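# Chain and residue survey
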Amino acid sequence: MDSTSKTLDSSSTDISTDETPVAITAGIVHRVTLPPKRTAIDKLKHRLSEIFFPDDPLHRFKNQPPFKKWILGLQYVFPILHWLPIYSFKLFRSDLISGLTIASLAIPQGISYAKLANLPPIIGLYSSFVPPLIYSVLGSSRHLGVGPISIASLVMGSMLSEVISPILDPHLYLQVAFTSTFFAGAFQASLGIFRLGFIIDYLSKATLIGFMAGAAIVVTLQQLKGLLGIVHFTSKMQIIPVLSSVFRHKNEWSWQTIVMGFSFLLFLLTARQISSKKPKLFWVSAAAPLTSVVISTLLVFLFKSHSQAISKIGKLPKGINPSSLNSLHFHGQYLGLAIKTGLITGILSLTEGIAVGRTFASLQNYQVDGNKEMTAIGLMNMAGSCSSCYITTGSFSRSAVNYNAGAKTAFSNIVMATAVLATILFLMPLFYYTPNVVLAAIIITAVIGLIDYNAAIRLWKIDKLDCFACLCSFLGVLFISVQIGLTIAVAVSILKILLHITRPNTHILGNIPGTQLYQCLSRYENALRVPAFLILSIESPIYFANSTYLQERILRWTREEEERIQANKENSLKCVILDLTAVTAIDTSGIDTIYELNKALDKRSIQLVLVNPVGDVMEKLNNSKILDLFRLNGLYLTVGEAVADISSSWKP
């Protein structure tokens, strides 16, 4: 057979060559219709609704009497009103146990994380009192344990200490820390109120895995100062200066500190391992930090004459949180530093808080409203900045303990806050002899869980680009700085989005024999090319960012197909079909691309056909008058109908 033969009858079209017979059933050709007409206002309302209210938060108010709407409105603003009217003694008992359990973890963690942020230890305890109370009223998660977290503490400490010395000017440092906490809260609350939570999605999971791992190693290395008893230590965060400082000051190493530090570190890691292996023994790892503090304090007190070389916390002030309103400064040379630190720590703490809340909500099959959570976390940080607290959010370690301890409502946070209040009112003198080395061991134990090497291996297996993003943020934190590492993480995430947008996938489709299905030739081995046709699938919107690339790529597909046909001595290419099923949107640049493609192919006597443009695309093509070029036999609902109808129009 020296040319393509076509046999037509009322029921089928057979297009065949010597090697690839393709049977195509001819039938009714369905008309591609325009979407219903809508005014510009209706389109704008629909678009804004999809952007800002995808969850339709007002659905619960529909068809409700006015009084019920008021009740629902109050419950929406204050989630505590959901569970407080039906609160029972049974729920209270569960929340009491879980609240006291997380308090035993929150007290030593609060002191430790405050030191990580270069703040007085008492600030960490203050931050475990006021914010949890506010979250219990405004938050929608039943299991979120609120307090300081290691990553936000590290970032705040590293960013502020680069400009202000916490040793030489502690008062100014504290003022800027409170001010940055206020800006973090204002930013978080704004995202929630204006429903802009999608902004934090620019920190992809892959980049966060790398960032967290790098930050965990940086935090661990910083704690070598406490574990080894070094007095003069570098303020830098990078791995090389830290290790250099460790070995440069070997003469300051204290054997008493080393023995105590590594003994309690081993104890804490063992307790953590026991709880991870047997979840029912969650209380082992939860109680281990406070147990370590109590035992180490007793040891230092009893053997104080022999433990002079061990650094101690010293005197901590008693009393409830003092007001820090006068410490908030919204002017001066450090305002920019406060805003920048607030934005970065706000994003990090918000990302962890939302992720933790959703994780435990999914385990109990209830919903956490992301925007309400942002508002709650933001408002509690704003209030905290006015009451001597620094940045707080939902902590994974506290939340895990809270969940495993059987928490039923956010009242467990109130119990925890009450226990912390009792501590700062009456128990502060007991911490005088608490050694700093134990706090270092507690921090290392807490952050070591952030190194998720299994997740990194999984990224490598699934998506090499995600793994590259993870590695970039990890190395950026480790060798440059924490904030640069975070910047790299965001930049790589955005770069990945841009790559997907500007270089979308295009595939050649072939027919699955015996069906009307058309699938990717490279994916389905039994898919066959349809002679005289080049069928292409575009898997992205057609925007200004990718329109030139798509035009060039489609013309290249066409050229390569013609070269293949010529090499195999097959019949010439007569039609290029663009399957637009996956093209969800198009702009004026994209429309111009369609027009230019049609013109370029027409000069080569090749017909361009469009298949299944979605509503918005169809509407824009129609409004631009480009659709007039395709109305006769260039617009079809399916690829099968296009091939059958166009084939039947060709003379045998």
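Residues numbered from 1 in each chain as written. Predicted model: local features only at pLDDT ≥ 70, side-chain atom pairs only at ≥ 80, totals over all residues. Heavy atoms only, no water.

### Structural notes on the overall build of the protein chain
- Within the protein chain, the secondary structure is distributed over 25 helices and 11 strands.
- Dimensions along the principal axes, computed over C-alpha positions, put the protein chain at roughly 105 × 70 × 55 Å.
- A total of 652 residues make up the protein chain; the buried ones form 51% of that total.
- Excluding contacts between residues fewer than 6 apart, the proportion of contacts in the protein chain whose partners are at least 24 apart in sequence is 78%. (Helix = DSSP H or I, 4+ residues; strand = E, 2+ residues; numbered from the N terminus. Buried < 20%, exposed > 50% of the residue type's maximum accessible area, 1.4 Å probe, protein only. Contact = heavy atoms within 4.5 Å.)

### What about the environment of Val300?
- Residue position: Val300 is located in helix α13 (residues 282–302).
- Expressed as a C-alpha distance, the spacing of Val300 and Ile310, which sit 10 residues apart in the sequence, is 8.1 Å.

### A closer look at the packing of aromatic side chains
- Inspection of the entire model under this criterion finds 12 aromatic pairs.
- The rings of Trp83, Tyr87, Phe89, Phe92 and Phe411 are connected pair by pair, giving a single aromatic cluster.
- The lysine or arginine in question, Arg553, covers the ring of Trp557, its NZ or CZ lying 4.0 Å from the ring centre. (Phe/Tyr/Trp six-rings, centres within 6.5 Å; stacked < 30°, edge-to-face > 60°. Lys NZ or Arg CZ within 6 Å of the ring centre and 35° of its normal.)

### Some details on the pattern of salt bridges
- Following the criterion strictly, the structure yields nine salt bridges and no others.
- Here Asp466 and Lys496 are joined by a salt bridge, their closest N and O atoms 2.2 Å apart. On the criterion of sequence distance, the pair formed by Asp466 in helix α20 (residues 464–479) and Lys496 in helix α21 (residues 482–502) is long-range, its members being 30 residues apart.
- Given the relative accessible area of 15%, Asp466 is considered buried.
- When its relative accessible area of 19% is taken as the criterion, Lys496 is described as buried.
- With its nearest N and O atoms 3.8 Å apart, the salt bridge here joins Arg559 to Glu563. In this pair, Arg559 and Glu563 are both assigned in helix α22 (residues 547–568), four residues apart and thus about one turn of the helix distant. (Salt bridge = Lys/Arg side-chain N within 4 Å of Asp/Glu carboxyl O.)

### Concerning the pairing of strand β8 (residues 533–538)
- Most of β8 is tucked away, with six of its six residues classed as buried.
- A two-sided burial pattern is seen for β8, the buried positions comprising Phe533, Ile535 and Ser537 on one face and Leu534, Leu536 and Ile538 on the other.
- By the bridge criterion, three bridges tie strand β6 (residues 506–511) to β8 in an arrangement that is antiparallel. In the strand pairing of β8, Thr506 is matched with Ile538.
- Bridge analysis of β8 against strand β9 (residues 575–579) gives five bridges, and the strand direction is parallel. Each residue of the ladder has a partner; that of Ser537, found in β9, is Asp579.
- As for the winding sense of the linkage, the β-α-β connection from β8 through α22 to β9 is right-handed. (Pairing = 2+ DSSP bridges. Right-handed = clockwise from strand over helix to strand, strands pointing away.)

### Focus: the environment of Ser481
- The residue Ser481 is located in the loop between α20 and α21 in this model.
- Expressed as a C-alpha distance, the spacing of Ser481 and Ser158, which sit 323 residues apart in the sequence, is 8.5 Å.
- Aside from chain neighbours lying at most four places away, what touches Ser481 is Gln238 and Gly476.

### Section: the sheet that holds β9
- Pairing is mixed across the open sheet formed by six strands, whose spatial order is β7-β6-β8-β9-β10-β11. A single partner strand is all that each edge strand has here, and the edge strands are β7 (518–520) and β11 (635–636).
- In this structure, strand β10 (residues 607–611) lies alongside β11, joined through two bridges in parallel fashion. Residue pairing across strands places Leu610 opposite Leu635, the latter belonging to β11.

### Considering the packing of helix α4 (residues 89–116) against helix α18 (residues 436–447)
- Interhelical geometry of α4 versus α18 gives an angle of 95° and a closest axis separation of 9 Å. Classified by the interaxial angle, the pair formed by α4 and α18 is roughly perpendicular. Where α4 abuts α18, its residues Pro108, Gln109, Ile111, Ser112, Tyr113, Lys115 and Leu116 lie against Asn436, Leu439, Ile442, Ile443 and Ala446.
- Across the contact of α4 with α18, the residue classes break down as eight nonpolar, three polar and one charged. (Axes fitted to C-alpha atoms, helices over the stretch in contact; angles between N-to-C directions. Parallel < 35°, antiparallel > 145°, perpendicular 65-115°, else oblique. Nonpolar A, V, L, I, M, F, W, Y, C, P; charged D, E, K, R; others polar.)

### Section: the pairing of β10
- Summarising burial for β10: four of the five residues are buried, a large majority.
- When β9 meets β10, the two strands line up parallel, connected through five bridges. Residue pairing for β10: Ile577 is matched across the bridge by Val609.
- Where the polypeptide runs from β9 across helix α23 (residues 588–603) and back to β10, its parallel neighbour, the crossover connection is right-handed.

### Comments concerning the nonpolar core
- Core analysis: the biggest nonpolar cluster contains 92 residues, and Leu119, Ile123, Val155, Phe211 and Tyr390 have the highest contact counts within it.
- The contacts of Val155, once residues within four sequence positions are left out, are Phe211, Ile344, Thr345, Leu348 and Val482. (Core = buried A, V, L, I, M, F, W, Y, C linked by side-chain atoms within 4.5 Å.)

### A word on the confidence of the model for the protein chain
- Predicted confidence across the protein chain gives a mean pLDDT of 86, with 94% of residues reaching 70 or more.
- Counting interchain partners and residues more than four positions distant, the pLDDT-below-50 stretch residues 1–24 has 61 contacts. (pLDDT = per-residue confidence, 0-100.)

### Overview of the side chain of Ser327
- Relative to the assigned elements, Ser327 resides in the loop between α13 and α14 (335–363).
- Non-local contacts of Ser327, meaning those with residues more than four positions away in its chain, are made with Gln175, Phe178 and Thr179.

### A closer look at a nonpolar patch on the surface
- Taken together, the side chains of Val294, Ile295, Leu298, Leu299, Phe301, Leu302 and Phe303 define a hydrophobic patch exposed on the protein surface, amounting to about 630 Å² of accessible area.
- Note that Phe303 resides in the loop between α13 and α14.
- Judged by its relative accessible area of 46%, Phe303 is partly exposed. (Patch = residues over 30% accessible without salt bridge, like charges linked within 9 Å, V, L, I, M, F, W, Y side chains within 5 Å. Areas by Shrake-Rupley, 256 points an atom, 1.4 Å probe, with all protein chains shown as cover.)

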